[in-house]
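# Structural overview
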Amino acid sequence: MGSKVQENALPRILVVDDDQKNVELMEAYLSPDYEMIPAYRGKEALEILEKEEIDLVLLDVMMPDMKGYEVCVKLKENENTQFIPIIIVSALSRRKDRIQGLEAGADEFLTKPIDQIELKTRVKSLLRLKELYDKNIAEKDLAKKYLETADVMLTVIDPDHKLKLINKKGCKIIGCEEVDFIGTDFFKTLIPERFREKEISDFDTFISGKVDGLDNFESPLLRPDGEERIINWHNTLLKDKDGKITGMLSSGEDITEKKRAEEALAKAEETHEKEIHHRIKNNLQIIASLLDLEASNFTDPRVIDAFEESRNRVHSISIAHEELYRSRDMTNVAFRDYVNDVTNYLYQMNDLQGKDIELSMDVEDILLNVDKAIHLGLILNELIVNSFKYAFPEGKGNISIAFHKKEEQFTFIVADDGIGIPKGIEIGKTNTLGMQLVNELVDQIGGNVHLNRSNGTEITITFKDR
Ligand SMILES: Nc1ncnc2c1ncn2[C@@H]1O[C@H](COP(=O)(O)OP(=O)(O)OP(=O)(O)O)[C@@H](O)[C@H]1O
Ligand SMILES: [Mg+2]
């Protein structure tokens, strides 16, 4: 254990001299600023130094049991005492004696008779050095301990891309020994090739000091065994006392497991959501079948008709859920597919035998929020069925569907070239359910509806993307 200058306690000075009077003189010179501990023999001094914390030694040379030089050498050889400053205080004043003392490891050589001011100054400056040294050691110890116990990976990369430091945790993540990597090119050895160029360029910009931060980013680390770990990095630049950049200190957290868990969770959620859409679809189809079943209890064609229309409405909603179930995306529907499915279904379900009704579609392939899609699906349902029912008394004609997005605006047009809606019938002003429904649904998506009667029936619905 090296001795330490304790806070609030006086520095402890060991005075080693076989002459009681000299010891007392030193005590008189230096107290009360220091705690003075006397020793009258070399051996006794060594014993005290073994047991107690001493901050500085004043050492006489000529003693009966051993020479001060010998005490000096012994202290400097022992790693517990080697950094305790030693001032040799001797009656010998020749150059040769001084050299011998300094060679034995003494920090200062003072000649008797001692000048009080000189002694005080020397003691003070040596203690100051010792204090700085102890502090430095303590800080280094702390830094070393931190490096070893930190639960994050710590690395230092120098401006030439060489790895200068890696801590225990870092080695554990990479699965290697520290010695395997110190001095190697960090990017060539530890960054997967597909990310290397980008990371080098980011690093070079950062290390040049031109950008503020290179922080909080995820990047994979390549282990020698080929496995990749995802690390979340925090970086700071290291600078020397002149402000010159000497490297980058990084702490990295291995988030591989966390990431995998997140992915698994997202996947599970997706499956769960899909499952929900699947069930909604099934339930809606059950409702549609029930409506069919109910209809068979009636003979009045108007009642049967009403049941059929309701069934169509339910079914077109179920198609939207079917689309969602099939796609990866749970909030958006591929609108073109959806329109296709709904119209196909309507063509199948409505009795079009002996009729020749052509369909043309110009629907942009865009993803549309499921709520809007369902609204438009129901609208489409009403309009197509109306065209089937009323537009073509001769049983022949064309229906067209168009859907486009321009800037933030969607336009949905359903048209037929039939006989046209009779004058006096306005969308939203009839007491029939179909047109009311259309009007209501358009309202719900915050859109506008416009009827153009110039050639058959053309209904244009516009709404915004929100
Ligand atoms: N494409 C069309 N061509 C000609 N007439 C139409 C067309 N669409 C609607 N009409 C006329 O407008 C009326 C109102 O339509 P609406 O859809 O509101 O009612 P419906 O079809 O009679 O009943 P519901 O839709 O409630 O079953 C229809 O009865 C029909 O006379
Ligand atoms: Mg109708």
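Residues numbered from 1 in each chain as written. Chains lettered and ligands numbered in written order. Predicted model: local features only at pLDDT ≥ 70, side-chain atom pairs only at ≥ 80, totals over all residues. Heavy atoms only, no water.

### Considerations on the overall build of the chain
Each helix and strand in the chain was counted, giving 14 helices and 17 strands. For 466 residues, the compact-globule formula gives about 23 Å, and the C-alpha radius of gyration of the chain, at 46 Å, lies well above that figure. Principal-axis analysis of the C-alpha atoms gives the chain an extent of 135 × 45 × 45 Å. Counting across all 466 residues of the chain, residues that qualify as buried make up 41%. Restricting the contact set of the chain to residue pairs at least 6 apart, pairs at least 24 apart contribute 59%. Of the roughly 26,500 Å² of accessible surface on the chain, 51% is carried by carbon and sulfur atoms. Side chains of the chain give 62 positive and 88 negative charges; the mean places of these two sets differ by 5 Å. (Helix = DSSP H or I, 4+ residues; strand = E, 2+ residues; numbered from the N terminus. Rg over C-alpha atoms; globule rule 2.2 N^0.38 Å. Buried < 20%, exposed > 50% of the residue type's maximum accessible area, 1.4 Å probe, protein only. Contact = heavy atoms within 4.5 Å. Areas by Shrake-Rupley, 256 points an atom, 1.4 Å probe, with all protein chains shown as cover. Lys, Arg positive; Asp, Glu negative; His and termini not counted. Charge placed at Lys NZ, Arg CZ, Asp CG, Glu CD.)

### Regarding empty space enclosed by the protein
Empty space left among the atoms is revealed by rolling a probe the size of a water molecule over them. This model, assessed by the stated rule, comprises one cavity of 30 Å³ or more. In this model, the largest cavity occupies a volume close to 130 Å³. Contributing to the lining of the largest cavity are 15 residues, with F186, F187, E199, F217 and M248 lying nearest its centre. Of all the elements in the fold, those that place two or more residues in the lining of the largest cavity are β6 (153-157), α8 (186-190), α9 (193-207), β8 (217-222), β9 (228-239) and β10 (245-254). If one sorts the elements of the lining of the largest cavity by residue count, α9 sits on top with three residues. In terms of residue class, the lining of the largest cavity is made up of nine nonpolar, four polar and two charged. (1 Å grid on protein atoms, 1.4 Å probe; cavity = no way out; pocket = protein on both sides within 12 Å on 5 of 7 lines; lining within 4 Å. Points joined across faces, edges and corners; volume = space filled by probe spheres on them. Nonpolar A, V, L, I, M, F, W, Y, C, P; charged D, E, K, R; others polar.)

### Description of the UniProt feature "domain: Response regulatory" (unreviewed entry) in the chain
Here the UniProt-annotated "domain: Response regulatory" (unreviewed entry) positions come out as residues 12-127. Helix makes up 45% of residues 12-127 and strand 21%. Its end C-alpha atoms lie 10 Å apart. (UniProt positions renumbered as here; feature names shortened; annotations may be inferred.)

### Observations concerning the side chain of R12
Take R12: it is sitting in strand β1 (residues 12-16). At 3.3 Å, the side chain of R12 forms a polar contact with the side chain of E35. Discounting residues that sit within four places of it in the chain, R12 has contacts with E35, I37, E52, E53, I54, D55 and L56. (Polar contact = N/O pair within 3.5 Å; in protein donor to acceptor, adjacent residues only side chain to side chain.)

### Overview of helix α13 (residues 370-391)
Turn by turn, an α-helix covers 3.6 residues, leaving residues three or four places apart pointing in a common direction. In a regular helix each residue adds 1.5 Å, so 22 residues correspond to 32 Å; α13 covers 30 Å between its end C-alpha atoms and thus fits that length. α13 sits mainly inside the fold: 19 of its 22 residues count as buried. For α13, the N-terminal cap is N369; the gap from its side-chain oxygen to the backbone nitrogen of D371 is 2.8 Å. (Expected span 1.5 Å × (residues − 1).)

### Focus: the pairing of strand β4 (residues 86-90)
Among the five residues in β4, five count as buried, and that is most of the element. Residues I86, I88 and S90 point to one face of β4 and I87 and V89 to the other, with burial holding for every one of them. The pairing of strand β3 (residues 56-60) with β4 spans four bridges and is parallel. Its bridge partner lying in β4, L59 is registered against I88. The handedness of the β3 to β4 crossover, carried by helix α3 (residues 68-77), is right-handed. Pairing between β4 and strand β5 (residues 108-111): four bridges, direction parallel. (Pairing = 2+ DSSP bridges. Right-handed = clockwise from strand over helix to strand, strands pointing away.)

### Comments concerning the domain arrangement of the chain
On domain assignment, one finds that the chain holds domain 1 (12-148), domain 2 (150-254) and domain 3 (260-464). Using C-alpha coordinates to define each centre, domain 1 is positioned 98 Å away from domain 3. (Domains from an automatic or database assignment.)

### Structural notes on unusual backbone geometry
A cis amide bond links S31 with the next residue in sequence, P32, at an omega value of 10 degrees. Checked against the element boundaries, P32 lands in the loop between α1 (20-30) and β2 (35-39). Cis geometry marks the peptide bond from K112 to P113; its omega dihedral reads -5 degrees. Residue H161 is not a glycine yet carries a positive backbone phi of 75 degrees. Secondary-structure assignment places H161 in the loop between β6 and β7 (163-166). The class of H161 is buried, set by a relative accessible area of 13%. Here E407, not a glycine, exhibits a phi torsion of approximately 50 degrees, which is positive. Take E407: it is sitting in the loop between β14 (396-406) and β15 (409-416).

### Some details on the packing of α1 against helix α5 (residues 116-149)
Where α1 meets α5, the closest approach of the two axes is 10 Å, and the angle between their N-to-C directions is 70 degrees. When the axis of α1 is compared with that of α5, the two are roughly perpendicular. Side by side, α1 and α5 meet where M26, Y29 and L30 of the first sit next to Q116, L119, K120 and V123 of the second. Along the lines of polarity and charge, the residues of the contact of α1 with α5 split into five nonpolar, one polar and one charged. (Axes fitted to C-alpha atoms, helices over the stretch in contact; angles between N-to-C directions. Parallel < 35°, antiparallel > 145°, perpendicular 65-115°, else oblique.)

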